[in-house]
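Working through the structure, step by step
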Amino acid sequence: MRRIHVGNALSAFGLGFTVPYLYVYVAQVRGLGAMTAGLVLAVFAVAALVVLPFAGRAIVRRGPLPVLIAALVTAALGALSLGLAGSAVSVLLSAAALGAGQAVMQPALATMIVDCSTAETRSRAFAMQFFLQNLGLGVGGLIGGHLVDASSVSSFTVLFSIEAAMFLLLVVVMATVRVPRAPRIEGAPGAGTGKGSWKQLLQNRAMVQLSVLGFVLFFACYGQFESGLSAYGVEAAGVSTSALGTALAANTAMIVVAQFAVLKFVERRRRSRVIAAVGLIWAVAWVAAGYAGLGHGSQEMATAAFISTYALFGLGEAMLSPTVAPLVADLAPEGMAGQYNSAFALVKQLALAVGPAVGGPMGASLHGPYVVTFLLFSLGITYLAVRLGRELSAVQDRPWVGKSRVVAQGSASAAGQARARA
């Protein structure tokens, strides 16, 4: 598990290291223009949408470790070639390889966490994953920002080369992992059915409801961070670019500071009720955003309210990290965690693709309707979460109930020996 967490941190570090500077690199440093730069960012999303449906099946058939290593090598090649690419075609092809590799890493790593955890330790493991991902993104962005020079192509070549080296280092680390068979909890639908398919997944009502809920979660929050909400802050609230950076930092700081305090709070709460509470917290965040852009207070008050919006989003994210991903794992039949993780990652990518396309124009020009729309989406999260709770078994919604009912598949001692070797 420690090696897997190192993998999460390194992959996030690589992502934060380069992605914030992709637009500047393609449009200005390589001189390929804003259109090509926009296409590069779109290619990341499209590549993820193309590979994720196949990634789940590959993880089920081959196991998460070989799929992860293949994804890391693909991402390393994409990063290295992106640093050397000089034409629009080569940049787009390199971005496709990097985007596809990064998209597959997350469900593969999530499946490895499932395989190395039990029902009662899973929430803490996913909370640690989310903490390290945000820490890696923040540190990577900070270091990358000090290394790049917009007047020097070679500085970006070094940046992408370091990112490729991080992925190859992760290949070495992951090659030493020995993943045990995961213990299963009673009450998971279809347990013991080994084969499974997309049809089987779509017949799982709880998983379908969770996927719909997940789409709304990612659409209403993550899909707005760097598009609609930032445009709204600048146009409606009049916040400066430095204040926008402070708001993003407040979001990350809230996650890093609050993650484990929040974990203690949510571990003994029903998962569906925790997600419902997140919807209410985010509704308050949108009210604060409304005050920032539509109220009549001072500029200082508007800026403070806008920063508070991002901080409240961070609090909700910290509550979701030990809740949603473990629930996806506990809904999966035995041997199907990879497919379920990939399906949920696909839902996330769809939301992240649609969210900016809808929220960006609204946030920039339709200020009142923008806030009201996403306030209603947040309240919708609460409604959907309560409905989901009716589809979950007692063990899935309250995992601590099943502590005495964990059924080991394979050898429980093998898992202990694997942890000892780690």
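Please refer to the structure placed before this passage.
Predicted model, so just to flag it, every value in this text is computed and none were measured.

A count of helices and strands for the chain gives 18 helices and 2 strands. Expressed as a percentage of its 422 residues, the buried residues of the chain come to 53%. Considering only contacts within the chain whose residues lie at least 6 apart along the sequence, 87% involve residues at least 24 apart. With the model as given, the accessible surface of the chain reaches about 16,900 Å², and the carbon-plus-sulfur share is 67%.

Right, let's get into empty space enclosed by the protein. A water-sized probe, rolled over the atoms, reveals where empty space remains. What the rule picks out here adds up to 1 cavity of 30 Å³ or more. Size it by volume and the largest cavity reaches roughly 70 Å³. As for the largest cavity, its lining consists of Ser123, Val266, Glu267, Arg269, Arg271, Val274, Pro322, Thr323 and Pro399.

To continue, consider helix α1 (residues 2–18). Note that an α-helix has 3.6 residues per turn; residues three or four places apart therefore point the same way. With 17 residues, α1 should cover 24 Å at 1.5 Å per step; its first-to-last C-alpha distance of 25 Å lies within 8% of that length. In terms of residue burial, α1 counts as a mostly covered element, since 12 of its 17 residues are buried. Buried within α1 are the following residues: Ile4, His5, Gly7, Asn8, Leu10, Ser11, Ala12, Phe13, Gly14, Gly16, Phe17 and Thr18. Summarising the contacts, the buried residues of α1 are in contact with α2 (22–29), α5 (88–115), α6 (122–147) and α7 (153–175).

Conventions we followed
- Residues numbered from 1 in each chain as written.
- Predicted model: local features only at pLDDT ≥ 70, side-chain atom pairs only at ≥ 80, totals over all residues.
- Heavy atoms only, no water.
- Helix = DSSP H or I, 4+ residues; strand = E, 2+ residues; numbered from the N terminus.
- Buried < 20%, exposed > 50% of the residue type's maximum accessible area, 1.4 Å probe, protein only.
- Contact = heavy atoms within 4.5 Å.
- Areas by Shrake-Rupley, 256 points an atom, 1.4 Å probe, with all protein chains shown as cover.
- 1 Å grid on protein atoms, 1.4 Å probe; cavity = no way out; pocket = protein on both sides within 12 Å on 5 of 7 lines; lining within 4 Å.
- Points joined across faces, edges and corners; volume = space filled by probe spheres on them.
- Expected span 1.5 Å × (residues − 1).

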